[in-house]
Each structure stands twice: as structure tokens, then as C-alpha cells.
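# Coordinates in review
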Amino acid sequence: MHEIQYIGEQLFFGKAGNFFLALSFATALIAAVSYYITFKKTESGNSMKRFARNAFYIHAFSILTVIGLIFYLIYNHRFEYYYVWQHSSTILPLKYIFSCFWEGQEGSFLLWAFWHIILAFFLIRRSGEWEAPVMMTVCLVQAFLASMVLGIHIGDLNIGSNPFTLLRDHPDMAGLPFISMPDYLSKIDDGRGLNPLLQNYWMVIHPPTLFLGFAATLIPFAYAMAGLIIGKIREWASPALPWAFFGMLTLGTGILMGAAWAYEALSFGGFWAWDPVENASLVPWLTLVGASHVMLINKKNSSALLSSILLVTFTFILVLYSTFLTRSGILGDTSVHAFTDLGMSGQLLVYMLFFAAQAVYLIIRNRHVLKGLSGEDNLFSREFWMFIGMLVLVISSIQITFSTSIPVWNKIFGTNMAPPQNVIEHYNSWQIPIAIIICILIAVGQFFKYKNTAPRDVNRKLALSLISALAVSITASVVLKYDRIHYDLLMFASIFAVFANLDYALRILKGRLPFTGGSVAHIGIGLIMLGALISNAKNEVISKNILDIDLGKDFPNNENIMLIKNDTLQMGKYFVTYQGKEREGIYIYYNIEYLLPDYTNGTFSKAFTLSPKVQINPRMGNVSEPDTKHFFNKDIYTHVTYADLENLDEGPSKEDTYNEPEVHQMNIGDTVSTSNSLVYLEAIGKPENKELTGLSEDDIVAAAILKVVDVNKKLYETQPLFIIKGKTAFSKDTYIDELGLKFSFSRIDTENKKLEIAISEKKGNKRDFIIMKAIIFPEINILWAGCILMIIGTLITIVKRRSIN
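Residues numbered from 1 in each chain as written. Predicted model: local features only at pLDDT ≥ 70, side-chain atom pairs only at ≥ 80, totals over all residues. Heavy atoms only, no water.

## Brief notes about a nonpolar patch on the surface
So the rule is basically this: Only residues whose relative accessible area exceeds 30% and that form no salt bridge enter a patch; like-charged residues are grouped when within 9 Å of one another, and nonpolar side chains (Val, Leu, Ile, Met, Phe, Trp, Tyr) when within 5 Å. Values of accessible area rely on a 1.4 Å probe in the Shrake-Rupley scheme; residue burial ignores everything except the protein chains shown. Salt bridges are defined as contacts in which a side-chain nitrogen from Lys or Arg sits within 4 Å of a carboxyl oxygen from Asp or Glu. A run of H or I in DSSP becomes a helix once it reaches four residues, and a run of E becomes a strand once it reaches two; helices and strands are each numbered from the N terminus. Classification of residues uses two cut-offs on accessible area relative to the type maximum, computed with a 1.4 Å probe and protein chains only: under 20% is buried, over 50% is exposed, and between them is partly exposed.
Taken together, the side chains of Leu466, Leu470, Ile474 and Val478 make up a nonpolar region of the molecular surface, amounting to roughly 340 Å² of accessible area. Checked against the element boundaries, Ile474 lands in helix H17 (residues 455-480). Among the residues examined, Ile474 registers a relative accessible area of 52% and is labelled exposed.

Below, the structure is given as C-alpha cells:
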């Protein structure tokens, strides 16, 4: 049988890509071995270092070439490659081409490797004597990442998933008839496309920022391993400290960008939902914050050296663990962020366990030195309270990791633990007390000096902040009327953190900007806690349905409002009018006008218009995206929870003809809805009109007594009949012309004791309507201001630490 000659394929790019993937893997290993030889054999160190650098440069060139080839294939819609077909389409706007690249697992691994390369260039130029031992670990990590995209098969063993796999060779396409056609590419109209949730500008900048944060966690870990390998147990912390703060900055910024994306693009109504993948990125950031602070202690003494090594190790391992959680498929449907399993879970475990085992071995090997450097801190020293803060962050991380990993525990131990039913309530019950402690610690910590501080001095310096925070928080609690005591405590603790750090920056540091990084970052954290507390605990759903229509269990009346086109209904202090919809490409915009009433003259003035939208995606499902009106002291967040998307492209219909009937199985007392009314089955009885032409006394006649209420609360009654004449059963229909409704009583289900009522509506009768949800988030700008200040403060700290080193 002769081989099929396929038409139109461009195979050169795939072959080139596979060559450079193999080259990147090989040169990463060669560079790692060469760097190892460099610091082990000092007599040949310089020549071997040059060789190691050159190997790494070839590796870097290979990775960059692979990335460039994938972008070329996506840009030119080369659907003969499965990765391109799976993640892009011809109708996708050009601005989302980057999102197409890193939507898949292969692209995200390459993005991760790209950032390691960028950071490694800085290490090669600036790390001096640390280059060889640090770069050895970096190159080993790069080799593992390159293996993730190799896509080679050794017997039944698969190593990686290849982004250059041809569509016709992919297992998902195996056996499909069109693949055997030489011109199969002509049968492919378009690619599968980008996940609609990722078609947002935040998803162009959020993933690369987050992966830069992931990549940055490697550098402190590599320095710690280098220190353990070459015997510089204490010295590694000084050059690693700016990198730890850089990782804290970039990973934190990436997480906050994800929160902003969730708030703007998702419809759950908020910025943080304790999603498993959100948690998996948060935990390494928490441990890195702890690591950064205990590494500061090492500038003064070595009491926290082992803690520093453990925390930078945990941070890097937790990044790998988050990769395993996200990409192994073990989370299933518990996260909107998770990837499907591409068969790499075993490889990911090897990746994680290799570096965990390396760290454990090196720590045990140096245990006597580490023990000799340990010591105890004075209760009234800054380092003691920084250490306590680190322990609190570790406890927070353990709780989040344990709850997030329930699917993992079930898999390992064969248990059947159920995840928390109310996820937000579960995590908040643990994390709010921890947040209270953290806020108090960042309020008081900076007022302690290293080594020892007189308690009286601390009390005197904190008095003003403490009294001010108590006064403000008590007043705020009285006004806001929280129903839980821990909300009041968090209110006080967050305000105390803000006031104390502001006081420290202005009064103790005299406002000298280069020294205020910690204080500014701490003020940001306090504001984040305060803004999150107020905006979540006191948010108000104003979209309460005031029509006498039960919207159903999926749309609770106390959270959703039904708006008929051009009707005006009250919603909180506003009146709202649904003005209609507009289609722009793949988006349907629903224009909601918010009005403010003037009760003195009975008129309305326009306040603003919001246009929440629905993204139409037949392949992956439609996605509702909110629209938000931003005020200085609140946000009004609006999204469509239901809209009729079935007849978007239909032309005008004949208004006097009826649609196909909707058939309802009804018990006595049941209510069903039409587009303009509620229909209530009151009873079954004899017809009021007993003189029916053509019926004899032996015929059976039953009437369904229906009460119908329109949107203006006008009541109608109608009685469609079910007739059995001889051996024939039929319905005598009734009409309510004012509502454009036709009723048929078509069947009696004696077994289930239900009546079958068919209701038809005139085509011109159906009015356009939507169901929407609107939430007021008070003082949420406090949270966003806190995010900005935390980033600015960390930047100031990085610049300061860099100048010191």
C-alpha cells in the first residue's frame, strides 16, 4: 500500500521545530554538566565556564527559535499542526495571538523556559563567583522543562507533549475518515479556537507575569543549593535576597492581575473565589514572602538560616506542585483554570521529586554546619517577630495546600473525602484569623530593633497608631454593622497596619523614600485586607425581581431581575431600562440604562449605561461577561444571567402565526411561565359551557381551569377541554387574544396524576427580555489602591537591596 501524498502541508517548520526542541534539551544537560565541572575542577574552570556558557546560549537560541516557529504557525493559521488547530482560529483578533500560544500546556512550559533564559542572562553577567553552581541548577531545570515538550516515545513511555505534532498524527484524530484524504486540509474550515474565557486583555498580560514570578522563584532556590554544594552556607542569602523580593513582586503582581481578570471577565461576582489553581499560585507567594523576611534576618545573624533554606526550597517545590495540580488533570472540573491531562503527570512528579530529593540530601549533608549556625532570638527583637510572621504564613500555606489537595489525597490513599461544600466560607474561616495576626504583626514588627528593644519604647511609639486605629475601626464597625466579630477584628487589624506603617515611614524614617519600601508594601497589604473585607462583607445585590414571576431555582428572585425591553423597573435607588441588544462580531451587548428619579417633578435623569455582553462560541459554549460602573467609593457590577440566544439571526416573523407549542406536565397548583404571563393550574372540573355541539351524554369532557396573570397583574381565566368521544380523544383549544396565547388540554397522565397542557404563543407576541444580576461592591477601590502600593513598596525594596549588594 503506497503512502498518501498530502497536499498543502508545510512540514519544514515542524521538522525544524523538532530539531531545536531536541537541541534545547541536549544543550541544557551539557551546560549543567559543564557548570558542575567548572566549580569542581578549578584548574580548568575558565575554559569550562566558557564552554558551559556557549552550551547555554545554544539552548537559549533553540528555545527562542521554537517559540518563534509556533508564533509563525499560529499567525499563518497552519492547521496541519494540532496545537495551532486546537488553540487558534481565523476569526480570532490578532491581539489574542499571544494567548493562543500559552493557552496550551506546551506553550506555557515554553513561556516558563523563556523567562528562565532571560533571568539566566542577568545571572551570567552579574553573579560572579556564584555563576557556575547557580547556573548548574538553572540548566537542570531547563532540561526538565525542555523534556516536557519533546514528545518522544520510548516503547510505552511518553516523554513530553510536542507542539509540532501534525493534526493527522494526533490520537484525537485517529480513525477519522477525512485524515486519509490527500487534500484533508481543504476540509478544515477553521481551528477550534481560543477558550472564550481567555479572550480578554488581562489574559494577554496575566500569564506571562505569573510565569515570570514562577521563574523567579528558581533563583533563590538555586543560590541556596549552590551555597550547600560549595560550602558557603551563610553567604548565599545576600545575593539571593534581591531575587527573592523580585519573585515576590512578580508573582504577587501576576496573582493580582488574575484577580482583576476574574473581577472583570468572570461572572461569579468577585475577584477571588479560592479556586484550586488560584490557591496553587498563592501558596508559593506566601512562602516566598516568609522566605524573603527571614533572609533579612541573616543580614544580622544566622539564627534563621535553616528556615531560609527550607522556605526557598518549599517555594520552588510548591511552584512545581502547582504545575502538577494544574496539568495532571487531577483537579477535574473543580477549577476553570486547569488543563486536561496530556499523560505527563508521572513526568511532572519526577520533576518535582528530583529537586525535592536534591534539597533534602544537601541539607542532611550540611546538617552539622547548619546546626552550629542556629541560635535563639530575643523576645523583644525584630527578628523574633519576623520569624513568628513567617510561621503564621507557613500555617496559612499548609491549610490552603491541604484543602486544595483533597483530590490528590483521595487519589493517593483511596479515600473519598469531599471538598468543602461552601468553598469561600471554608477558606475564610481559616484565613481571616490568620490575616488578623499578619496585619497586627506588620503593624508592630518594624518598631522593634534588631537584637533587642526596650518594650517601653515600642509601646510609646505604637500608642498613637493604636489609639487612632481603635477609634477609626470602632466608628467604622458601628456604621457598617458587621454580623461577625472576626470582621470587626480584621477591620481593626488592617487599619492598625496602615496607620502604624504610615507613622513609621513618616516619623521614624523621616519620609526618606529609599528606606520606606517595607512600610509602603505593608500599607498596601493592610489596604488589600481592608478593601477585601468591606467590598465582600458588605456587598449588596440590588437586582431583586419585583414582578410576580418565579424565575426558577437557577435564577433566585432575590438576586436576579427580569427586564423586558423598554420597560422600566426599580432596582435599589436606581430605575433601569433594558434598551435592547447589539451584535458586534462574536459579542452580543445588552444595553442597560440606569436612571435616577427626581421625585419632586416625577421625572428621571440618566445616570449611566452599562453593556454587559455574551460572547457567542458554538464550539466551547457561550460566556457571559460583566460590565462595571466605577465610582470613587463603589462599583456597580452587572452581568446577564439569561438571554434568548436561539433566534439571534432570524428575520422578521409573521406576527399572527403561532410558534410550536411548549408542552407542560402539570399538577394542580403548578405554575408555568410564558414570555408575558404566569399560568396557574387551579383545578380540573366540568366545563362551564355544557352545551357542546356534537357531543352525547356518553362522551367524557374535562376542563383544565387555568388562571393567567400578565406582567401588569391583570387576571384572565381560560378552560381548554379534554374530550373522549367514543374511542377518540382530542382537545378543544382556547385562546386569550390579548396575550396572544393558545391553550390545549391534550392528555391526562393517570399514572403520574398529571395533565398535559400545551401553550402556543404568537410569533409577534414574544418580547425581548433578559435576566440580569447587579451587585454593589462598596469601597473596592481601597483594595486596588492597596495592590498598587504593595507593588510600589516591593519595587522600592528591590532597588534598595540591589544598591546594598
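Read on, since the account is not over.
## Details of the nonpolar core
The criterion, for reference: In plain words, nonpolar cores are sets of buried Ala, Val, Leu, Ile, Met, Phe, Trp, Tyr and Cys residues tied together by side-chain atoms within 4.5 Å. Residue contacts are defined here by distance: any two heavy atoms, one from each residue, within 4.5 Å place the two residues in contact.
Ranked by size, the top nonpolar core spans 193 residues in total, and within it Trp236 and Phe355 carry the most contacts. Ranked by residue count, the leading element in this core is helix H9 (residues 237-265), at 18 residues. Other than its neighbours up to four places away in sequence, Trp236 contacts Trp130, Pro220, Tyr223, Ala224, Gly227, Met295, Leu305, Ser308, Ile309 and Val312.

## Here we look at the domain arrangement of the protein chain
Put simply, the rule is: Domain boundaries shown here were taken from an automatic or database domain assignment. Here the buried area means the combined drop in accessible surface, using a 1.4 Å probe, for two parts upon being joined, counting both sides. Polar contact is defined as a pair of N or O atoms within 3.5 Å, subject to the rule that within protein one atom must be able to donate a hydrogen and the other to accept it, and that residues adjacent in sequence are counted only when both atoms are side-chain atoms.
Domain boundaries assigned for the protein chain yield domain 1 (1-199), domain 2 (201-378 + 401-419), domain 3 (422-538 + 779-805), domain 4 (561-648 + 768-776) and domain 5 (658-762). Taken together, the contact between domain 1 and domain 2 spans 39 residues of the former and 45 residues of the latter. Of the roughly 3700 Å² buried between domain 1 and domain 2, counting both surfaces, carbon and sulfur atoms make up 77%. Its largest share of buried area at the contact with domain 2, domain 1 owes to Gln105, Trp112 and Trp130, together 22% of the area lost on that side. Across the pair Lys232 and Glu129 runs a salt bridge, and its minimum N-O distance is 2.7 Å. The interface formed by domain 1 and domain 2 includes seven residue pairs in polar contact (both at pLDDT 80 or more). Of all the secondary structure elements, the ones that give two or more residues to the side of domain 1 that touches domain 2 are helix H4 (97-103), helix H5 (105-126), helix H6 (131-147) and strand S2 (157-159). Ranked by residues supplied to the side of domain 1 that touches domain 2, first place goes to H5 with eleven residues.

## Here we look at the sheet that holds strand S22 (residues 754-761)
Within a beta sheet, neighbouring strands are joined by backbone hydrogen bonds and run either parallel or antiparallel to one another. As a reminder, the rule being used: Any two strands are treated as partners once DSSP identifies two or more bridges connecting them. In this analysis an axis means a line fitted to C-alpha atoms, helices contributing only their contacting stretch, and an angle means the value between N-to-C directions, from 0 to 180 degrees.
Pairing in this open sheet of four strands is antiparallel, and the strands run S13-S22-S21-S20 from one edge to the other. Each edge of the sheet is formed by a strand with only one pairing partner; in this case those strands are strand S13 (662-666) and strand S20 (734-736). The average undirected angle you get between the axes of adjacent strands in this sheet is 30 degrees. As paired strands, strand S21 (residues 741-749) and S22 are joined by eight bridges and run antiparallel to one another. Paired with Ser744 across the bridge in S22 is Ala758.

## Concerning the packing of aromatic side chains
Using the following cut-off: Only centres within 6.5 Å qualify two rings of Phe, Tyr or Trp (six-membered ring in Trp) as a pair; their planes then separate them into stacked at under 30 degrees, edge-to-face at over 60, and tilted for everything else. Charges are assigned to positions over rings by a cutoff of 6 Å between ring centre and Lys NZ or Arg CZ, combined with an angular limit of 35 degrees from the ring normal.
Counted by the stated rule, this structure contains 55 aromatic pairs. Consider the rings of Phe101 and Trp102, whose centres lie 6.4 Å apart with planes at 75 degrees: the pair is edge-to-face. Judged by centre distance (6.1 Å) and plane angle (70 degrees), the ring pair of Phe271 and Trp784 falls under edge-to-face. You can see Phe271 sitting in the loop between H9 and helix H10 (276-297) and its partner Trp784 sitting in helix H20 (residues 780-804), a full 513 residues away along the chain. Relative accessible area serves as the criterion here: at 9%, Phe271 is assigned to the buried category. The rings of Phe144, Phe221, Phe316, Tyr351, Phe354 and Phe355 are connected pair by pair, giving a single aromatic cluster. Arg512 extends its terminal NZ or CZ atom over the ring of Phe515, reaching a point 4.9 Å from the ring centre. Against the face of Tyr587 rests Lys613, its NZ or CZ located 4.3 Å from the ring centre.

## A few points about unusual backbone geometry
Even without a glycine there, the phi angle at Lys451 is positive, about 75 degrees. Counting through the fold element by element, Lys451 comes out in the loop between helix H16 (423-444) and H17. A positive phi angle, close to 55 degrees, is found at Lys481, a residue other than glycine. Of note, Lys481 is situated in the loop between H17 and helix H18 (485-508). Its relative accessible area of 65% is what places Lys481 among the exposed residues.

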